[in-house]
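Given next are the chains, with one letter for each unit.
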Amino acid sequence: PPFVTIPVTREPASKFLTSDEKYLYDTRRLQYISKWRPRVVIFIARWETYSIDDVAPMFAFLESCAQHILLIEEPPLLTFENANMAQYLCYKHIVPMAGKPQYMPQDDGALNRSSDLLSAVSKTFKKVQVVPISDLFTGPGNKGLVLDGKEVMYLDNNHLSEYAASKARPRLYGAVKKVLGR
């Protein structure tokens, strides 16, 4: 997860790091951020899985170090189990067609929880701004855009393809440019 427990505590080993390695990694991440004092910190996460209590310590820390904090809204979470999107589209007999967007059900509850958290965080922390992107991937009837013509939009039920991410690039670039005053 993108969040570090503050204060850093010793936690069980993760899939890739021992308990000691994780402790050192988290400690040093915070030390480097504090020393670096970045102009902009950019976060994207599965926001619907967190509460304000989960994220508040990290954003309080970042407010003491960073000039601006940009939170990228997550794209809609699709309702099928986490699987390869291209394979799932084949399984469902959904065929790409040039010039025709195609949609699948999205989890509106997850999107609402995500929006609620981002709203609460941006109201609580003055340096936080939200970069909206979910509307780029939501179509009629609140369905998630899975094919834009012949381009697959998701890798699985919650990760965008490179093509889809490029659709959000102008918004992120504009938000960074705005906070940097360029």
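Residues numbered from 1 in each chain as written. Predicted model: local features only at pLDDT ≥ 70, side-chain atom pairs only at ≥ 80, totals over all residues. Heavy atoms only, no water.

Undergrad: Lay out the sheet that holds strand E2 (residues 68-72) with the relevant residues and their values.
TA: The sheet built from 3 strands is open, its strands ordered E1-E2-E4 with parallel pairing. Whereas interior strands pair on both sides, the edge strands pair on one side only; in this sheet they are strand E1 (40-44) and strand E4 (128-131). Averaged over all neighbouring strand pairs, the angle between strand axes comes to 25°, with direction disregarded. With 4 bridges connecting them, E2 and E4 associate as parallel partners. Residue pairing for E4: Leu70 is matched across the bridge by Gln129. (Pairing = 2+ DSSP bridges. Helix = DSSP H or I, 4+ residues; strand = E, 2+ residues; numbered from the N terminus. Axes fitted to C-alpha atoms, helices over the stretch in contact; angles between N-to-C directions.)

Undergrad: Can you lay out the pattern of salt bridges for me, pointing to particular residues and giving the numbers?
TA: Within this structure, the stated rule accounts for 7 salt bridges. With its nearest N and O atoms 3.0 Å apart, the salt bridge here joins Arg10 to Asp20. Linking Arg10 in the segment before helix H1 (19-36) with Asp20 in helix H1, this pair joins segments that are 10 residues apart in sequence. Classification of Arg10 as exposed rests on a relative accessible area of 53%. Connected through salt bridges with shared partners, the residues Lys22, Asp26 and Arg29 form a single ionic network. (Salt bridge = Lys/Arg side-chain N within 4 Å of Asp/Glu carboxyl O. Buried < 20%, exposed > 50% of the residue type's maximum accessible area, 1.4 Å probe, protein only.)

Undergrad: Lay out the packing of H1 against helix H2 (residues 52-65) with the relevant residues and their values.
TA: Two quantities define a packed helix pair, namely the angle between the axes and the distance from one axis to the other. Between H1 and H2, whose axes approach to 8 Å, the crossing angle comes to 30°. Between H1 and H2, the angle is such that the two are roughly parallel. With respect to the hand of their crossing, H1 and H2 are arranged in right-handed fashion. Between H1, through Leu30, Ile33 and Ser34, and H2, the contact on the second element is made entirely by Met58, Phe61, Leu62 and Cys65. In terms of residue class, the contact of H1 with H2 is built from 6 nonpolar, 1 polar and no charged. (Parallel < 35°, antiparallel > 145°, perpendicular 65-115°, else oblique. Left-handed = near helix turned anticlockwise from the far one by under 90°. Contact = heavy atoms within 4.5 Å. Nonpolar A, V, L, I, M, F, W, Y, C, P; charged D, E, K, R; others polar.)

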